[in-house]
Amino acid sequence: MSEGSKNSSLSELESENKNSNRNIIIIAFLVIIVAIVGVKFYLDSAKENEQLQKNLEQTYSELDSISSQLDLKIAEIESLGGDITELQLIRKNLESEKEELKKSNNWAANQIQQYKDKVSGYEELLVLQDEKIKKLEEINKELLSENTDLKSEKNILNDSISKLRNNRKELESKVELASRLKAENIKIIAINSRGRERKDKEYKPRHIEKLKIQFNLAENSVALPEGKDIILRIINPIGNALFDVATGSGSFMIGGKEMFYTAKQEILFDNTQQELSFIYDRGEEYEEGVYELELYADDYLIGKEKFEVK
């Protein structure tokens, strides 16, 4: 082999070694980046789970503390001759909620917040029990000294009971609000005369032979499984609901006012994030403009969306 050929071979070998070293460095760099990202994701997830667990434990501790305080209030009121029937029912419900919370291992933050809201309601209830105990003690003291004051003291007790009932109504109102259904993932689909579906928020009149409205009912741990009427209102650009008795339209009362609806269906709410749909055949061309879509259940709005006809 000539001297020139040897030098050429050595140069090629050195070039290959350099390329190989460069590839090794790049691969090592990518491995380090992937490892860093993985570690950060793991730490962030662990931190979030740790915070949720702390919130869960704190909420259970608060409920447990309220349960102990409520036991004391019941004993005091009973010893003073007060009626404890309602308080025993409330305590039974509280113990049930504690048990549900104790069985929960990985609740979402919004579910924990629902129980924190209940803690607030129970704390208000305890304050009212202190007022009731105070009034009962005053009544017993007066009964020992002056029976003539019995009537006025009973009036004071009745006022306290009235406040307690009002607070209970407020608590029930909070639970009622929390149990309301919510429509999510609302999709408005236009179906043309050939059955082709378009998923958009802007359509031409010729694209809409029928309208398909598709959505899910969000999971709600407070709502009970039961029959529900789901009502659909499609409101045209001038503010009137699309209405045709022949296709199932009608009216319903909301807020003391009669409103017309486009379509209605009865379902069994089973708290499984069930998917529902309406298919509405208007039978005539849609005018241009922005249409509003509203969904109702139990006479309250559960979701809304818009689409436009151009």
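Residues numbered from 1 in each chain as written. Predicted model: local features only at pLDDT ≥ 70, side-chain atom pairs only at ≥ 80, totals over all residues. Heavy atoms only, no water.

Draft legend 1. Main features of the overall build of the chain. When you go through the chain residue by residue, the secondary structure sums to four helices and eleven strands. Taken over 310 residues, the chain has a buried fraction of 32%. Contacts in the chain between residues far apart in sequence, at least 24 positions, make up 67% of those at least 6 positions apart. Accessible surface, the chain as shown: approximately 20000 Å² in total, 50% of it carbon and sulfur. (Helix = DSSP H or I, 4+ residues; strand = E, 2+ residues; numbered from the N terminus. Buried < 20%, exposed > 50% of the residue type's maximum accessible area, 1.4 Å probe, protein only. Contact = heavy atoms within 4.5 Å. Areas by Shrake-Rupley, 256 points an atom, 1.4 Å probe, with all protein chains shown as cover.)

Draft legend 2. Structural context of the sheet that holds strand β10 (residues 289-297). The five strands are arranged β3-β11-β10-β5-β8 in an open sheet whose pairing can be described as mixed. Either end of the sheet is taken by a strand with one partner, and the two such strands are β3 (202-203) and β8 (263-269). As judged from the nine bridges shared by β10 and strand β11 (residues 300-309), these two strands associate in the antiparallel manner. Bridge pairing links A297 to Y300 in β11. (Pairing = 2+ DSSP bridges.)

Draft legend 3. Expanded view of the pattern of salt bridges. Across all of its chains, the model carries eight salt bridges by this definition. Salt-bridge contacts for E284 lead to R282; the nearest nitrogen and oxygen are separated by 3.7 Å. Here E284 falls in the partly exposed class, since its relative accessible area comes to 48%. A relative accessible area of 14% means that R282 is categorised as buried. The residue E287 makes a salt bridge to R282 at a minimum N-O spacing of 3.3 Å. The partly exposed category is assigned to E287, whose relative accessible area is 40%. Shared partners join several salt bridges into a network, and the residues in it are E226, K228 and D298. (Salt bridge = Lys/Arg side-chain N within 4 Å of Asp/Glu carboxyl O.)

Draft legend 4. Seen up close, the nonpolar core. Within the largest apolar cluster, 31 residues are counted, with the highest numbers of intra-cluster contacts made by F215, I234 and L295. Every residue in contact with F215, bar those within four places of it in the chain, is listed here: A183, E184, N185, I186, I230, Q274, E275, L276, F278 and L295. Within the second largest apolar cluster, 13 residues are counted, among which are I66, I74, L94 and L125. (Core = buried A, V, L, I, M, F, W, Y, C linked by side-chain atoms within 4.5 Å.)

Draft legend 5. The arrangement of a nonpolar patch on the surface in detail. Taken together, the side chains of F243, V245 and F260 present a nonpolar region at the surface, about 290 Å² in accessible area. According to the relative accessible area criterion, F260 is partly exposed, its value standing at 42%. (Patch = residues over 30% accessible without salt bridge, like charges linked within 9 Å, V, L, I, M, F, W, Y side chains within 5 Å.)

Draft legend 6. Examining the sheet that holds strand β4 (residues 210-217) more closely. Spatially, the four strands line up as an open sheet ordered β2-β1-β4-β9, and their pairing is antiparallel. A single partner strand is all that each edge strand has here, and the edge strands are β2 (197-199) and β9 (275-280). Sheet twist, expressed as the average angle between the axes of neighbouring strands with direction ignored, equals 25°. (Axes fitted to C-alpha atoms, helices over the stretch in contact; angles between N-to-C directions.)

Draft legend 7. Focus on the confidence of the model for the chain. Within the chain, residue pLDDT values average 77, and 66% of them lie at 70 or more. Here helix α4 (residues 150-178) stands out as the element of the chain with the lowest mean pLDDT, 59, in contrast to β10, whose mean of 95 is the highest. Segment residues 42-46: pLDDT under 50, and zero contacts once partners within four positions in sequence are set aside and those in other chains are kept. (pLDDT = per-residue confidence, 0-100.)

Draft legend 8. Looking closely at the environment of G250. With respect to the helices, strands and loops of the structure, G250 is situated in strand β6 (residues 250-254). With relative accessibility at 13%, the residue G250 sits in the buried group.

Draft legend 9. Unusual backbone geometry, seen in detail. Of note in the backbone geometry, N185 takes a positive phi value of approximately 55° without being a glycine. Not every positive phi belongs to a glycine, and D298 is a case in point at roughly 55°. With respect to the secondary-structure elements, D298 resides in the loop between β10 and β11. The exposure class of D298 is partly exposed, given its relative accessible area of 40%.

Draft legend 10. Looking closely at the packing of aromatic side chains. Tallied over the entire structure, the rule returns seven aromatic pairs. In textbook terms, an aromatic cluster arises when at least three aromatic residues are bridged by ring pairs, as seen for Y203, Y286, Y291 and F307. Between the NZ or CZ atom of R180 and the centre of the ring of Y300, over which it lies, the distance is 4.5 Å. Over the face of the ring belonging to Y286 we find R282, whose NZ or CZ atom lies 5.0 Å from the ring centre. (Phe/Tyr/Trp six-rings, centres within 6.5 Å; stacked < 30°, edge-to-face > 60°. Lys NZ or Arg CZ within 6 Å of the ring centre and 35° of its normal.)

Draft legend 11. Molecular detail of the pairing of β11. Sheet topology note: the β3/β11 ladder contains two bridges and is parallel. Paired with E202 across the bridge in β11 is E308. Between the antiparallel neighbours β10 and β11 lie two residues, among them D298 with a positive phi of about 55°.

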